[in-house]
Amino acid sequence: MDYDAIILGAGGAGLLAAATAGQAGARICVIDHADKPGKKIPISGGGRCNFTNRETEPACFLSENPHFAKSALSRYTQWDFLALVEQHGIAWHEKTLGQLFCDGSARQIVDMLLSECQRGDVEIRLSTDIGEIGHADGRFRVGNATAPQLVIATGGPSIPKMGATGKAYEIARRFGLNVVTPRPALVPLTLGPDEMLFREISGVSCPAVARAGDTAFEEAALFTHKGLSGPAILQISSYWKPGETIALTLIADAAAMLRAAKRRMPRAHMKAALAERLPNRLAEALAARIDIARELGNIADAELDHAAETLTRLTFRPTGTEGYAKAEVTAGGIDTAELSSKTMEARRVPGLYAIGEAVDVTGWLGGYNFQWAWSSGVAAGRAIAARTG
């Protein structure tokens, strides 16, 4: 069973790479151990698939080499993918911060990719174990399939209940490629017993600015029974390093707000002032942490300013993350130094490519990781077609 390329993984990146190469005339075989193609796509975006982001640019991605993603992202943009979505008649809408979703089901994106693969006469083998990969005389062998080109598109280990594994890294190491240590990203953070006060307000959410080092994101933060979650926390988790603190700004103008509350309602207590801007349960928990029992009118402005620091920089030292089971993506992966940024081909192993989440390129929350899947997949698909032609 000879092909021009074998693609390992029938996720978003693998399917679009297959369709791109197949429609250009290459004979493509996609192999996946899952029983359905694009298995992670239907659960994304609350079932509506946040398929890209209008604001996509290289600065929205993490990597040991922050410049690596520029080529692929510029050669197949969010507008190119949106055009494909519209070509298939898929209705879409924009939510906050440039996030684009299907009006209907995320399944529409899977069906679109399969339709594109069908146009390219792509063979898709599901429920098929990859097993050992052979490589001799310039050809790769997977089962009874052989080809001069092989694409690693098996993703990362995030969401293992969907069948995700670290297979990509095993294959990369088999061919001598370096792997940047993988870690869960876009993942909730856990807190220790010293933060039990905040575990008691599990389910409370509020707008916040989350900071780790010099990086900050302004979105909602959610207090959970294990620690912290919500979009702001998921974003900052990709930048947080074990042992570091994170800080939340809950009320940016807290000092001015407390002084104004003191003038307006001098007989009120701290909780009442905080409840004007924060959910009641959070206001109560913060008032307990600030621990000033006197009426506002009896608190000196300097003491109010000191209390305000808790609201402008509420610090936590997470004990860790909730791991790959709750991580939306995996940071780290196949080292970009091993790959061509234009074609995604391994520099030292001709005909071997790596795309999507398998690579050390990780996007922000909000459709960026899907766009990386599309852009890197098309880059490899075009390269395969060019070599085949």
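Here, every reference points to the structure presented above.
Residues numbered from 1 in each chain as written. Predicted model: local features only at pLDDT ≥ 70, side-chain atom pairs only at ≥ 80, totals over all residues. Heavy atoms only, no water.

Enquirer: Would you explain the sheet that holds strand β6 (residues 99–102) in this entry?
Expert: Paired through backbone hydrogen bonds, the strands of a sheet run either parallel or antiparallel to each other. The strand order β3-β6-β5 describes an open sheet built from three strands, whose pairing is antiparallel. Each edge of the open sheet carries a strand with a single partner, namely β3 (50–53) and β5 (92–94). Put simply, the sheet's adjacent strands are angled 30° from each other on average, direction ignored. As defined by bridge partners, β3 adjoins β6 across three bridges and the pair is classed as antiparallel. Counterpart to asparagine 50 in the pairing with β6 is phenylalanine 101. (Pairing = 2+ DSSP bridges. Helix = DSSP H or I, 4+ residues; strand = E, 2+ residues; numbered from the N terminus. Axes fitted to C-alpha atoms, helices over the stretch in contact; angles between N-to-C directions.)

Enquirer: Just to check I follow, could you spell out the packing of helix α1 (residues 12–23) against helix α4 (residues 107–119) for this structure?
Expert: Helix-helix packing: each pair is described by the crossing angle between the helix axes and the interaxial distance. Interaxial distance between α1 and α4 falls to 7 Å at its minimum, and their mutual angle equals 30°. Of the possible angle classes, the one that applies to α1 and α4 is roughly parallel. Note on packing geometry: the crossing formed by α1 with α4 is left-handed. The residues of α4 that touch α1, namely those facing Gly12, Leu15, Leu16, Ala18, Ala19 and Gln23, are Leu113, Leu114, Glu116, Cys117 and Arg119. (Parallel < 35°, antiparallel > 145°, perpendicular 65-115°, else oblique. Left-handed = near helix turned anticlockwise from the far one by under 90°. Contact = heavy atoms within 4.5 Å.)

Enquirer: Before we go on, may I ask you to explain the packing of aromatic side chains in this structure?
Expert: Within a pair of aromatic rings, the relevant descriptors are the distance that separates the centres and the angle that separates the planes. Summed over the entire model, instances satisfying the criterion amount to nine aromatic pairs. Here the aromatic rings of phenylalanine 217 and tryptophan 364 are separated by 5.1 Å at their centres, their planes lie at 90°, and the arrangement is edge-to-face. Taken together, the residues span a long stretch of sequence, with phenylalanine 217 in strand β15 (residues 215–223) and tryptophan 364 in the loop between β22 (362–363) and α12 (368–388) at a distance of 147 residues. For the ring pair phenylalanine 370 and tryptophan 374, a centre distance of 5.4 Å and an interplane angle of 10° mean the geometry is stacked. Pair noted here: phenylalanine 370 and tryptophan 374 are both in helix α12, with a separation of four residues, about one helical turn. For the pair phenylalanine 370 and tryptophan 374, one class covers both residues: buried. An aromatic cluster is present here, built from Phe61, Phe217, Tyr239, Trp364 and Tyr368 joined pairwise through their rings. If you follow lysine 95 out to its NZ or CZ, it ends over the ring of phenylalanine 101, 4.6 Å from the centre. When the ring centre of phenylalanine 175 is taken as origin, the NZ or CZ atom of arginine 174, which lies over that ring, is 4.4 Å away. (Phe/Tyr/Trp six-rings, centres within 6.5 Å; stacked < 30°, edge-to-face > 60°. Buried < 20%, exposed > 50% of the residue type's maximum accessible area, 1.4 Å probe, protein only. Lys NZ or Arg CZ within 6 Å of the ring centre and 35° of its normal.)

Enquirer: It is not clear to me how the pattern of salt bridges should be interpreted in this structure. Could you clarify?
Expert: Any two side chains of opposite charge can pair, given that their charged atoms come close. Within the structure shown, the criterion is met by 20 salt bridges. The residue lysine 39 makes a salt bridge to aspartate 35 at a minimum N-O spacing of 2.9 Å. The class for aspartate 35 is partly exposed, based on a relative accessible area of 46%. Between lysine 262 and aspartate 301 there is a salt bridge, and its shortest N-O distance comes to 3.0 Å. Taken together, the positions of lysine 262 in helix α8 (residues 254–264) and aspartate 301 in helix α11 (residues 301–312) put the pair 39 residues apart, joining distant regions of the chain. On the basis of relative accessible area, aspartate 301 is assigned to the partly exposed category, the value being 31%. Salt bridges here are not isolated pairs; linked through shared partners, they connect Arg259, Lys262, Asp301 and Asp305. (Salt bridge = Lys/Arg side-chain N within 4 Å of Asp/Glu carboxyl O.)

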